[in-house]
Amino acid sequence: MITLRLAGLLSLAALLSAQTLETCRQSHRRGNLEEADRCYLALSASKDPYLRAEANWALDRYQEANEAFKEALKAQPKNPDYRVRMGYLYLYHEQKQDAVDLFEEALAIRKDHAGALTGLAAVASEGFDSAAIELAEKALAADPKQLDARLLLAAIALEDNNPRKAVEEADKALQVDPESLEALALKATVDLLDDKPGTPHLAAILKRNPAFGEVYQTAGRFFVLNRRYEEGIALYRKALELNPRLYKARAELGLNLMRLGHDAEAKQHLEACYRAGNTYPSVGNPLRLLDSYKNFRYIKRDNIVLKLHQREADLLLPYVEEELRRAISAYEKKYKFRLDRPVQLEIYPDHEDFAVRILGMPGMGALGVTFVNVVAMDSPSGRRPGEYHWASTLWHELSHVYTLAATRQRMPRWFTEGMAVYEETATSPEWGDRISPPVILAIRDKKLLPVAQLDRGFVHPSYPDQVVVSYFQAGRVCMFIERKWGFEKLLDMTRAFGQLKTTPEVVQEQLGMPPEEFDKQFLAWVEEQTRVTVEGFESWKKGMQRISELVKKEDHDQILKEAPAVRDLYPDYVEDGNLYAVLADTHLARGDKKAAAGELERYARAGGKNPASLKLLATLLEEQGKTREAAEALSRINHIYPRDEELHRRLGDLLLAAGDPAGAVREFQALVAMKPLDQAASYFSLARAYRSAGRPEEAKEQVLLSLEAAPGYRPAQKLLLELSQ
Amino acid sequence: MSRAGFLSCLLAAAALCAPAATHYITVSGLGGEADYEQRFTSWAATIDQVLRGSRLDAKTITLTGAEATRERLRKVLEDAVQDSGPNDAFVLMLIGHGTYDGVDYKFNIPGPDITDAELAGYLNRLRAGRQLVVIMTSSSGGALERLRKEGRVLVVATKSGTEKNATVFARYWAEALRDPSADTDKNEAITALEAFRYAALKSAAFYDSQKRLATEHPLLEETGTGEGLRVTALEEGQGRLAAAFTLLRFGSAQEAVKDPAKQKLLARKEELESQIDLLKYQKAAMTEPEYRKQLTALLLELARTQEALDK
């Protein structure tokens, strides 16, 4: 991608009457970095504040550059070019709003300032906002020779996995400036991504500028965007070999090393950036996160590494390890290979820490992210109870590990996301995201994308919920293929993508039809699958209002009469105010506990995640003597919000009663790990479970801990006497 | 409650630990909205119900709804002033909304509110040797300054008068009185310290699970210095008065006290418990195996002694 430092220079250079500045730039562009530095050093003593600003920026003296820009603006407040350049300085420093303000101020001075429009496009592009395209096109309309805007369009096309368009745009840029190294860098990137053994563009660039590390920086960025992190890292290293002062490349290198778990080296690079004045968030935040790793515990066991925060490691470990091993075992069978390295699973209780892991990544799910063999996830304790199914997310992310490993990370985003979404529901129909209102509206309004363009929905969404809709669509595309052609066909497609075939090629070759025909068949299938909900959505909304009024009136008869039909219009609706809960409450109000339990069982099967509702279900089942079913109801919560003392206490008791002492041990261990207020009772419960499991020594150890906390605790005293006989 | 304190109650210091009577006054103030009104009344009702079922000799007065006026509150406080003696214990629990204007804390009740200054006037005239005042309203931290007094256990739901949002502390205080898990030392009694720890930790857990910024930070004050302690700052040895203040009893623990035939066993039990306390105190200076060995022996003997007591 074009580097911000140079962006905007070419169009402005002609306007600036500063031959010396141009001389410095020429030296830099020829790769004479030392000569360029000497030139900039001399220029930094200029009386012209604008020249001082540019020189200081080139010398990485950001503060001095900022001060000089301010001086230049004071001297020439009506100069839009200065504001644009200063805007780019702020954008480089990731102060986006300040940059936007300066670009808009420039536009207020000159409404069609192409540089300012390009600057705004660059800001939008950094956030993967599809508005970037429109802004760049506006810039080109104002000035068809706006090179940076053209380069931006090329980069955006490549982000959308459209290399053909990217090359077209880069060629247009070369028509404007045949010497554009940035345009050549994009073309070289297309070749490198395509695994071409050699690219003529690379040689051409390095011949003109042997220190042009930016070409590898550009390529590195696109490799990372395509989840080819290890290759991206290698490219960033090459960029720094050519020019060690490419701090953005160094920061990216540090960030990606951190993502893959190479923390020590990551820290070295990030600290080097920081020391050189690069104190912006993409450097500072990963450094803070790395510092916080001292609070995490690493648990290494054969083919897995778990990284859990100390304050919840004891609680989460048994559940997370069990689920991870179950998923690895299942995927090894399904995908027919074993990973060549351990899986590292990192769980962050603080969402802000997790957010640093996805810094600069587009279209990422907000709950988990995968970097080769490293999976980072939100902890269940970082979310409100019922909001987040961590086990489902774990299976989703681990699916990425397998599908990406199977293709050496050569897979379009839509397919790896689609497989991951598909795997969630394949593991359990209760798991995975339910069909949401934005998805219903997208189907109704025919907004699903053609399969060949589905990546765009993840990377550059054109409406607010398009990422959510694209996840749904990709998942259903995979489900459709599995239903029609079988799971093997998904594996065949995976292999074909691994050979770097495009989506249209894979669809044609593997499914035997052009993508347009596939889209037709898929849409017919998905519309039929969702027909009741999509067609009944408006009726459902009205029905929900009506039921809400009946609830206020406590008209139980009418609720029981009307609510089931409304519920069945949109059975996937299990969020706040869902009709399963309303119906269960109504049955309870009428004293019909059995019917209430039936309704809540329906809720659980529909994917309901509210722990309070699931606990109520367990209570009702227990009252009916259905101990095993009650335990199953509570077990579901372990996959949702295990940080719940009452859950483990109750589930442990139920499992003990149901003759599952091993399960009871697990639950009471979780209870003890939570360091509850009532430690004596918790240790005592664990002691009971150990005794039932035929582990008397461990039982005695726990009962002593119980009595140490409360020496007069009579049930524990009795158990101690029994165990001591 | 600390075991040592409880045992001395059982055996010797009846005048200190088994007061002639405990006077409970629980008041739920104005809700302002039906939802709050219902919650406040229900928490007060829970407390009232639990206290009436307690094995302590208790005088329980609960004012809710329209009954909870300033005049009525003045009357019951004055009655307590008149009725209580030096061996008695007194507990005041206020539930609802409160306000603080930088000078006065006010408990919101139907009609004119009552201020902390007026409450202090009654409390300071009480002859009850032990006093527990639990103000569970918003802004209750504002009352800390006027109600603090050496020897009085004071619990407030907020760290200052500026924490103005409605509180959940009262919900968990009421829960503490009926949840056996609040009795962490399993002596079949809930002390003020146990209830405070339970309610404060549960309140914090509530905000944590809801991913909301906590707008209440309960404090415990008993030194009269005005330096309230948060539950997380409570260290070993702090909160002694609260630990010795038995809020309610359940179970049959105290029945044995009345049986002269079991006095010897009780004495042995107390002795063993003291030895366990001492051993725990010495733990840091011992090797783990030696500590475990001695602890196991003492706990076993204690269990056998209790078994004999229960026969």
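Worth saying up front: this structure is predicted, and the values here are computed from it rather than measured.

Participant: I tried to follow the overall build of chain B on my own but got confused; where do I start?
Facilitator: Looking only at helices and strands, one finds eleven helices and eleven strands in chain B. Since a compact globule built from 311 residues should have a radius of gyration of about 19 Å, the 20 Å found for chain B is in line with a globular shape. The 311 residues of chain B split such that 51% are buried. Restricting to contacts in chain B with at least 6 residues of sequence separation, those with at least 24 account for 71%.

Participant: Just checking my understanding: could you explain the overall build of chain A for this structure?
Facilitator: Within chain A one finds 39 helices and five strands. For chain A, whose C-alpha radius of gyration is 30 Å, the value lies close to the compact-globule estimate of 27 Å for 725 residues. With the principal axes as the frame, chain A shows a C-alpha extent of 95 × 60 × 50 Å. For chain A, the residues scored as buried account for 59% of the 725 residues in total. The contacts in chain A between residues at least 6 apart in sequence include a share of 60% that link residues at least 24 apart. Accessible surface, chain A: about 29,200 Å² in total, of which carbon and sulfur atoms supply 49%. If the 98 positive side-chain charges of chain A are averaged to one point and the 107 negative ones to another, these points end up 1 Å apart.

Participant: Looking at this structure, I do not really get the pattern of salt bridges. What am I missing?
Facilitator: A side chain with one charge may pair with a side chain of the opposite charge, provided their charged atoms come close. Residues and elements named next belong to chain A. In total, this model carries 80 salt bridges over all chains according to the counting rule given. Measuring nitrogen to oxygen at the nearest pair gives 2.9 Å for the salt bridge that ties Glu169 to Arg150. One end of the pair, Glu169, is in helix H11 (residues 163-176); the other, Arg150, is in helix H10 (residues 147-159), and 19 residues separate them in sequence. Taking relative accessible area as the criterion, Glu169 reaches 6% and is therefore assigned buried. Where Glu509 meets Lys501, a salt bridge forms, and the shortest distance between an N and an O atom there is 2.9 Å. We classify Glu509 as partly exposed; its relative accessible area is 45%. Its relative accessible area of 26% is what places Lys501 among the partly exposed residues. One salt-bridge network, in which partners are shared between bridges, spans Lys615, Glu622, Asp644, Glu646 and Arg650.

Participant: Teacher, can you tell me more about the packing of aromatic side chains here?
Facilitator: Any pair of aromatic rings gets described here by the distance separating the centres and the angle formed by the planes. Residues and elements named next belong to chain A. A full pass over the atoms with the stated rule returns 40 aromatic pairs over all chains. Geometrically, the ring pair formed by Tyr293 and Tyr348 is tilted, given 6.4 Å between the ring centres and 35° between the ring planes. Of this pair, Tyr293 sits in the loop between helix H18 (281-292) and strand E1 (296-301) while Tyr348 sits in strand E3 (residues 343-348), and the two are 55 residues apart along the sequence. Assessed through its relative accessible area of 0%, Tyr348 is described here as buried.

Participant: Would you mind going over the domain arrangement of chain A with me for this structure?
Facilitator: Accessible area lost upon the coming together of the parts is a frequently used measure of interface size. Residue and element names in this part refer to chain A. Entries for chain A in the domain assignment read domain 1 (1-178), domain 2 (309-333 + 379-532), domain 3 (534-643) and domain 4 (647-725). Here the C-alpha centroids of domain 3 and domain 4 sit 34 Å apart. For the pair domain 3 and domain 4, the two sides together bury roughly 990 Å², of which 67% comes from carbon and sulfur. On the domain 3 side of the contact with domain 4, Thr627, Leu634 and Asn638 bury the most area, a combined 43% of that side's loss. The interface formed by domain 3 and domain 4 includes one salt bridge.

Participant: When you look at the confidence of the model for chain B in this model, what are you seeing that I'm missing?
Facilitator: The predicted coordinates should not be examined in detail at positions where pLDDT is low. The predicted model of chain B averages 89 in pLDDT, with 91% of residues at 70 or higher. Low pLDDT (under 50) marks residues 1-19 of chain B, which in the prediction has 44 contacts with non-local residues, meaning those over four places away or in another chain.

Participant: Looking at this structure, I do not really get the packing of helix H17 (residues 263-275) of chain A against H18(A). What am I missing?
Facilitator: A pair of packed helices is captured by two measures, namely the crossing angle of their axes and the spacing between those axes. Residues and elements named next belong to chain A. Packing of H17 against H18 leaves a shortest axis separation of 9 Å and a crossing angle of 140°. Viewed along their axes, H17 and H18 adopt a mutual orientation that is oblique. The element H17 and its partner H18 pack so that their crossing is left-handed. Touching Asp263, Ala266, Lys267, Leu270, Glu271, Cys273 and Tyr274 of H17 are Ser282, Val283, Gly284, Pro286, Leu287, Leu290 and Asp291, all from H18. The residue inventory of the contact of H17 with H18, partitioned by class, reads eight nonpolar, two polar and four charged.

Participant: Can you walk me through the side chain of A:Asp519 in this structure?
Facilitator: All names here are of chain A. With respect to the helices and strands, Asp519 occurs in helix H28 (residues 515-529). No salt bridge is formed by the buried Asp519. Its closest oppositely charged neighbour is Arg456, at 10 Å. Residues contacting Asp519, with those up to four places away along its chain left out, are Pro450 and Val451.

Participant: Quick question: what am I supposed to make of unusual backbone geometry here?
Facilitator: Where the residue is not glycine, phi is negative for most of them; where a peptide bond is considered, it is trans in most cases. All names here are of chain A. The backbone phi angle of Asn161 is positive, close to 60°, even though this residue is not glycine. Relative to the assigned elements, Asn161 resides in the loop between H10 and H11. Backbone geometry at Lys446 places phi at a positive 55°, although glycine is not the residue there. Turning to its location among the elements, Lys446 is positioned in the loop between helix H23 (437-444) and helix H24 (454-459).

Participant: For this particular structure, what's the right way to read the sheet that holds strand E1 (residues 22-28) of chain B?
Facilitator: Within a sheet, each strand pairs with its neighbour through backbone hydrogen bonds, oriented either parallel or antiparallel. All names here are of chain B. The strand order across the open sheet built from six strands is E2-E1-E3-E7-E8-E10, with neighbouring strands paired in mixed fashion. Looking at the sheet topology across the chains shown, the edges are occupied by strand E2 (58-63) and strand E10 (219-221). Within this sheet the neighbouring strands show an average axis-to-axis angle of 10°, counted without direction. Pairing of E1 with strand E3 (residues 89-95), which is carried by seven bridges, proceeds in the parallel orientation.

Participant: Quick question: what am I supposed to make of the pairing of strand E8 (residues 152-156) of chain B here?
Facilitator: All names here are of chain B. Burial within E8 is extensive, with five of its five residues counted as buried. In E8, alternate side chains face the same way, and those of Arg152, Leu154 and Val156 on one face and Val153 and Val155 on the other are all buried. As paired strands, strand E7 (residues 130-135) and E8 are joined by five bridges and run parallel to one another. Paired with Leu132 across the bridge in E8 is Val153. Examined bridge by bridge, E8 and E10 share three bridges and lie antiparallel to one another. Note on E10: the bridge partner recorded for Val156 is Leu219.

Participant: I would appreciate a short explanation of the confidence of the model for chain A in the present structure.
Facilitator: Averaged over all residues, the pLDDT of chain A is 93; the fraction at 70 or higher stands at 96%. In the model, residues 1-18 of chain A has pLDDT below 50 throughout and makes 49 contacts with residues more than four positions away in sequence or in other chains.

Participant: I'm lost on the interface of chain B and chain A in this one. Help?
Facilitator: Across the boundary between the two partners, chain B contributes 31 residues, which contact 26 residues of chain A. Approximately 2,400 Å² of surface area, both sides summed, lies buried where chain B meets chain A, with 59% of it carried by carbon and sulfur atoms. On the chain B side of the contact with chain A, B:Lys186, B:Lys211 and B:Leu299 bury the most area, a combined 23% of that side's loss. The tally of links between chain B and chain A comes to five salt bridges. With a shortest N-O distance of 2.6 Å, B:Lys186 and A:Asp678 are connected by a salt bridge. In this assembly, chain B and chain A are joined by nine residue pairs in polar contact (both at pLDDT 80 or more). Put simply, the parts of the chain that give the side of chain B that touches chain A at least two residues each are helix H8 (192-209), helix H10 (263-282) and helix H11 (288-310) of chain B. The element best represented in the side of chain B that touches chain A is H11(B), accounting for twelve residues.

Participant: It is not clear to me how the sheet that holds strand E2 (residues 304-309) of chain A should be interpreted in this structure. Could you clarify?
Facilitator: All names here are of chain A. The sheet built from five strands is open, its strands ordered E1-E2-E3-E5-E4 with mixed pairing. One side of each edge strand has no neighbouring strand; the edge strands of this open sheet are E1 and strand E4 (368-371). Ignoring strand direction, the axes of neighbouring strands in this sheet form an average angle of 15°. Where E3 lies against strand E5 (residues 374-378), five bridges are found, and the strand directions are parallel. In the sheet register, Ile347 faces E5, and the bridge partner there is Met377. Along the sheet face, helix H19 (residues 310-335) touches E1, E2 and E3 and points at about 150° away from the line of E2.

Participant: Looking at this structure, I do not really get the environment of A:Arg695. What am I missing?
Facilitator: All names here are of chain A. Residue placement: Arg695 occurs in the loop between helix H37 (679-692) and helix H38 (696-709). For Arg695, a relative accessible area of 31% gives the class partly exposed. Here the alpha-carbon distance between Arg695 and Ile559, two residues 136 residues apart in the chain, equals 52 Å. Apart from residues no more than four positions distant in its own chain, Arg695 is found in contact with Val665 and Tyr690.

Participant: Any chance you could explain the side chain of A:Ser613 here in plain terms?
Facilitator: Tracing the backbone shows A:Ser613 in helix H33 (residues 611-623). Given the relative accessible area of 12%, A:Ser613 is considered buried.

Calculation notes
- Residues numbered from 1 in each chain as written.
- Chains lettered and ligands numbered in written order.
- Predicted model: local features only at pLDDT ≥ 70, side-chain atom pairs only at ≥ 80, totals over all residues.
- Heavy atoms only, no water.
- Helix = DSSP H or I, 4+ residues; strand = E, 2+ residues; numbered from the N terminus.
- Rg over C-alpha atoms; globule rule 2.2 N^0.38 Å.
- Buried < 20%, exposed > 50% of the residue type's maximum accessible area, 1.4 Å probe, protein only.
- Contact = heavy atoms within 4.5 Å.
- Areas by Shrake-Rupley, 256 points an atom, 1.4 Å probe, with all protein chains shown as cover.
- Lys, Arg positive; Asp, Glu negative; His and termini not counted.
- Charge placed at Lys NZ, Arg CZ, Asp CG, Glu CD.
- Salt bridge = Lys/Arg side-chain N within 4 Å of Asp/Glu carboxyl O.
- Phe/Tyr/Trp six-rings, centres within 6.5 Å; stacked < 30°, edge-to-face > 60°.
- Domains from an automatic or database assignment.
- Buried area = accessible area lost by both parts, 1.4 Å probe.
- pLDDT = per-residue confidence, 0-100.
- Axes fitted to C-alpha atoms, helices over the stretch in contact; angles between N-to-C directions.
- Parallel < 35°, antiparallel > 145°, perpendicular 65-115°, else oblique.
- Left-handed = near helix turned anticlockwise from the far one by under 90°.
- Nonpolar A, V, L, I, M, F, W, Y, C, P; charged D, E, K, R; others polar.
- Pairing = 2+ DSSP bridges.
- Polar contact = N/O pair within 3.5 Å; in protein donor to acceptor, adjacent residues only side chain to side chain.

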